[in-house]
Amino acid sequence: DLSPELQTELIDLQKRMTAELKPLLLEQTLSMQKILEAADHEERVELMRYFVDAERKRLQAKKTLKSMFGGAASAVVASEPVRTPEPKVAEEPPKSQFFADDEEDAFQ
């Protein structure tokens, strides 16, 4: 019952969402894989701290950029960043990033 114009807009929106959410799904899968490969509980906790800290930094950067360009930030971020140590598991350089920094934010 949608007009052809709205149908086209809906299809474009679905394509955009698929393209923007694909990197997030990959990041989530890679993060979970790293956690599953962890040797013990301490290593898993360190990885989780790393992932949470990286996401917190990403959200803080998004909030800062939105405030610089006059947009209202939609993410709620702690005012003071929590300092966490780098994970101890990085004995060799990672083959891929945990979070793709060069990808567009899927929640714009």
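To be clear, the structure that these remarks concern was listed above.
Calculation criteria
Residues numbered from 1 in each chain as written. Predicted model: local features only at pLDDT ≥ 70, side-chain atom pairs only at ≥ 80, totals over all residues. Heavy atoms only, no water. Helix = DSSP H or I, 4+ residues; strand = E, 2+ residues; numbered from the N terminus. Buried < 20%, exposed > 50% of the residue type's maximum accessible area, 1.4 Å probe, protein only. Contact = heavy atoms within 4.5 Å. Areas by Shrake-Rupley, 256 points an atom, 1.4 Å probe, with all protein chains shown as cover. Salt bridge = Lys/Arg side-chain N within 4 Å of Asp/Glu carboxyl O.

**A look at the overall build of the chain**
Thought 1: Of regular secondary structure, the chain possesses 2 helices and 0 strands.
Thought 2: With 108 residues in all, the chain has 18% of them scored as buried.
Thought 3: When contacts within the chain are restricted to residue pairs at least 6 apart in sequence, long-range pairs at least 24 apart make up 63% of them.
Thought 4: When the accessible surface of the chain is totalled, it reaches about 8,800 Å², and 58% of it is carbon and sulfur.

**Examining the pattern of salt bridges**
Thought 1: Using the criterion set out here, one finds 4 salt bridges in the structure.
Thought 2: The shortest N-O distance in the salt bridge between Glu20 and Arg16 comes to 2.9 Å. Of this pair, Glu20 and Arg16 are both found in helix α1 (residues 4–37), 4 residues apart, which corresponds to roughly one turn of the helix.
Thought 3: A relative accessible area of 14% means that Glu20 is categorised as buried.
Thought 4: A residue is classified by how much of its surface remains accessible, and Arg16, at 42% relative accessible area, is partly exposed.
Thought 5: Its salt-bridge partner being Asp53, residue Lys57 comes within 3.3 Å of it at the nearest N-O pair. Of the two residues, Lys57 and Asp53 both sit in helix α2 (residues 41–68), 4 residues apart, roughly one turn of that helix.

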